[in-house]
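Notes for the structure review
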Amino acid sequence: MGREVRKGVREGAWILAVAAILCFGGGDAAAQERDALSDEVRSYLSVSAPVVALENVLLFDGTGGPARAGQTIVIRGNRIESVGASDEVDIPSGAERLDLAGHSVMPGMVGLHNHMFYYQSTPRTSQMQYSGPRLYLGAGVTTVRTTGSVSPYQDISLKGAIERGETPGPRILITAPYVISPGPDERLRDLGMYAIRDEAAARRYVRYWAAEGAEWIKAYTQITREALGTIIDEAHRQGMKVTAHLCSVGFREATALGIDNLEHGLWANSEYDTTREPDTCSPNYQRTLAELDMADPRVAETIGEMVAAGVAMTSTLAVAEQATPLVPDLADRDLEALPDHVVEAEMERRTIFRTTELPWMIDMFENMLEFELAFVEAGGVLAAGVDPAWGALPGYGDQRNFEILVEAGFEAAAAVRIVSANGAKVLGIADDVGTVEAGKLADLIVIEGDIDLRPSDIRNVRLVFKDGLGYDPDKLTAAVAGQVGVR
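Report on the accompanying structure. (Residues numbered from 1 in each chain as written. Predicted model: local features only at pLDDT ≥ 70, side-chain atom pairs only at ≥ 80, totals over all residues. Heavy atoms only, no water.)

1. Some points on the overall build of the protein
So the rule is basically this: Labels follow the DSSP assignment, with helices taken as runs of H or I lasting at least four residues and strands as runs of E lasting at least two, numbered in each case from the N terminus. Values of the radius of gyration come from C-alpha atoms, whereas the globule rule sets the reference at 2.2 Å times the count of residues to the power 0.38. Each residue is assigned to one of three classes by its accessible area relative to the maximum for its type, calculated with a 1.4 Å probe on protein chains only: buried under 20%, partly exposed between the two thresholds, exposed over 50%. Residues count as neighbours in contact if any of their non-hydrogen atoms are within 4.5 Å of one another. All accessible areas in this document rest on Shrake-Rupley with a 1.4 Å probe, and a residue is counted as covered only by the protein chains that are shown.
Regarding its fold elements, the protein presents 20 helices and 21 strands. Over its C-alpha atoms the protein spans a radius of gyration of 22 Å, differing by no more than 12% from the 23 Å that the globule rule assigns to 487 residues. Dimensions of the protein along its principal axes, counting C-alpha atoms only, are 70 × 50 × 45 Å. Considering the protein as a whole, with its 487 residues, one finds that 61% of them fall into the buried category. A separation threshold of at least 6 residues defines the contact pool for the protein, and within that pool the share at least 24 residues apart is 73%. As displayed, the protein offers around 18,400 Å² of accessible surface, 49% of which is attributable to carbon and sulfur atoms.

Written out as structure tokens, the structure reads:
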């Protein structure tokens, strides 16, 4: 956060995201936020009272502890004032009281791999300047990191518009455009990725995007160890962090270089492929992952080194599922959000994946689930994000991540922590978001049902609070009908 922004806050500026992150009092700043909202943003609100009480909820607080029934949460301004048993919490006079018996409440999701573009099956990308922020917020994703950008200035502009209250959406942390090394895959350059040719270029690239406000750098599959090491070194000098979707570099190699985060879990780790050439992305490594015995001591060595170095990992199971014969049918809500031509292309892609003999892809997916369980059991910090592509839509895919994590063997409370608190921890904003605790920003999802008994109830979002304002998810999602992949 730049010196000019911090100075503006001290002088009473009402830039929304800064006020939300830095103001712990919640009173005057929250009132200023409400005054600054555009008419369009106001049109999506269903709760905007200065003090709100959410009564009689089943609370999943994001810490990983068991759910607590019969809880009440009091919100004052943009902060949580108190949380506790409904018969013990003092509800202020004049508060707007919502009796939410039969509802689960969890922290707003923190999406750690949530692009502002949609990758279609053609393949092509489409910026989601309009549909993305509304769909994320409507599904309960209140914070995202743009983990790789194909249109960085559109991302930066969108971040500013949300912070100023001009458009609805989650708070955004910016990742710079993808960075690669020169190599054979010309498709990567076509997607706007920058090829680093020497150390000077690597350091110049990092410094440039640091100055533009990016907090993260993302390296992609075609990267050398030398280039990755230089990027990590310069990023850390600039107060930035580095993540990567790897292939040419293994997880243990990247961990030794000092990387902060690794994307996609086992899906992106080529180090078990004995045919892989150094600094080269092997075309066969995913078959190796399918055949990998998860009791192989190399797996434990990888996890142990990552945990010891504090390297976080991002789960993107919702999009990985899309690349297997297990791919589920498009739900009615998906069909409503996607334009006809994208639906047609996606139906064709799914037919191919379901009818082609690719049982090894199912084996790889199952190994991915085991790897993530083992990583968490070893003490690793696992976060999650949708990586919107194919049929994994913004927000909806984040909800699907939760469902798959539970299917994989995580308790619901642990899965809530993965999709919320752990993301906040990785981003360095856990003091303000990620858990439901007094003093934290009021980022909450109100869900009809019990996500412990029925994980799919996470799709029944009835109210989304961000910075103490309650958004109507139905209005947000209705606004993007037929727009994902277009606008």
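2. Some remarks on the nonpolar core
Side chains of a nonpolar character, in soluble globular proteins, are inclined to be buried together. In plain terms, the rule: Take the buried residues of types Ala, Val, Leu, Ile, Met, Phe, Trp, Tyr and Cys, join any two whose side-chain atoms come within 4.5 Å, and each joined set is a nonpolar core.
Counting residues in hydrophobic clusters, the biggest one holds 115 residues, and the most contacted among them are Met106, Ile217, Leu228, Ile231, Leu246, Ile259 and Phe402. Per-element tally for this core: the top contributor is helix α16 (residues 359–377), with 9 residues. Setting aside its immediate chain neighbours within four residues, Ile231 contacts Val179, Ile196, Ala202, Val206, Ile217, Ile223 and Val242. Residues Val52, Leu54, Ile73 and Leu463 belong to the second largest nonpolar core, which totals 18 residues.

3. Observations regarding the packing of helix α12 (residues 297–309) against α16
The line we're drawing: Orientation is described by lines fitted to C-alpha atoms, with helices fitted over the stretch in contact, and by angles between N-to-C directions that extend from 0 to 180 degrees. Reported orientations rely on four angle classes, namely roughly parallel under 35 degrees, roughly antiparallel over 145, roughly perpendicular from 65 to 115, and oblique for the rest. Handedness of a helix crossing follows the sense of rotation of the near helix relative to the far helix, less than a right angle counterclockwise being left-handed and clockwise being right-handed. Nonpolar residues are Ala, Val, Leu, Ile, Met, Phe, Trp, Tyr, Cys and Pro. Charged residues are Asp, Glu, Lys and Arg, and all others, Gly as well, are polar.
The contact between α12 and α16 brings their axes to 10 Å, and the two run at 45°. Taken together, α12 and α16 sit at an angle that is classed as oblique. For the element pair α12 and α16, the recorded crossing hand is right-handed. Touching Val299, Thr302, Ile303, Met306 and Val307 of α12 are Phe371, Ala374 and Phe375, all from α16. When the residues that make up the contact of α12 with α16 are grouped by side-chain class, the tally is 7 nonpolar, 1 polar and no charged.

4. Some points on α16
Convention followed: Each residue after the first adds 1.5 Å to the expected span of a helix.
Over its 19 residues, α16 extends 28 Å from the first C-alpha to the last, a length consistent with the 27 Å expected when each residue adds 1.5 Å. Within α16 the residues assigned to the buried category are Trp360, Met361, Met364, Phe365, Asn367, Met368, Leu369, Phe371, Glu372, Leu373 and Phe375. Immediately downstream of α16, the backbone of Gly379 shows phi near 100°, a positive value.

5. Considering the environment of Glu291
Looking at where Glu291 falls in the secondary structure, it is placed in helix α11 (residues 285–291). Judged by its relative accessible area of 62%, Glu291 falls in the exposed class. Through-space distance from the C-alpha of Glu291 to that of Val311 is 25 Å; in sequence the pair is 20 residues apart.

6. Structural notes on the packing of aromatic side chains
To keep it simple, the criterion reads: To pair, rings of Phe, Tyr and Trp, with the six-membered ring standing in for Trp, must have centres within 6.5 Å; the planes then decide the type, stacked if under 30 degrees apart, edge-to-face if over 60, and tilted in the middle. Counted as over-ring charges are cases with an Arg CZ or a Lys NZ within 6 Å of the ring centre that also lie within 35 degrees of the ring normal.
One pass over the full model with this rule turns up 5 aromatic pairs. On the basis of an interplanar angle of 40° and a centroid distance of 5.5 Å, the ring pair of Tyr153 and Trp209 is categorised as tilted. With Tyr153 in helix α6 (residues 152–163) and Trp209 in helix α8 (residues 199–211), this pair connects stretches of sequence that are 56 residues apart. Residue Tyr153 is classed as partly exposed on the basis of its relative accessible area, which comes to 38%. Classification of Trp209 by relative accessible area gives buried; the value is 8%. The structure contains a cluster of three or more aromatic residues connected by ring pairs, namely Tyr153, Tyr208 and Trp209. One residue, Arg145, lies across the ring of Trp216, its end atom 4.3 Å from the ring centre. Sitting over the face of the ring of Tyr396, Arg333 holds its NZ or CZ atom 3.9 Å from the ring centroid.

7. Examining the pattern of salt bridges
Applicable threshold: Each salt bridge in this description consists of a side-chain nitrogen of Lys or Arg and a carboxyl oxygen of Asp or Glu lying within 4 Å of one another.
Tallied over the full model, the rule gives 31 salt bridges. With its nearest N and O atoms 3.0 Å apart, the salt bridge here joins Arg68 to Asp61. For Arg68, a relative accessible area of 31% puts it in the partly exposed group. Under the relative-accessibility criterion, Asp61 is labelled buried at 10%. Taking the shortest distance from any N to any O, the salt bridge between Glu253 and Arg276 comes out at 3.5 Å. Remark: Arg276 occurs in the loop between β16 (261–263) and α11 and Glu253 occurs in helix α10 (residues 251–257); sequence separation between them is 23 residues. Arg276 gets classed as buried once you look at its relative accessible area, which sits at 16%. Salt bridges linked by common partners bring Glu199, Arg203, Arg207, Asp233, Glu234 and Arg237 together as one network.

Bear in mind that shape data such as this cannot, by itself, settle questions of function.
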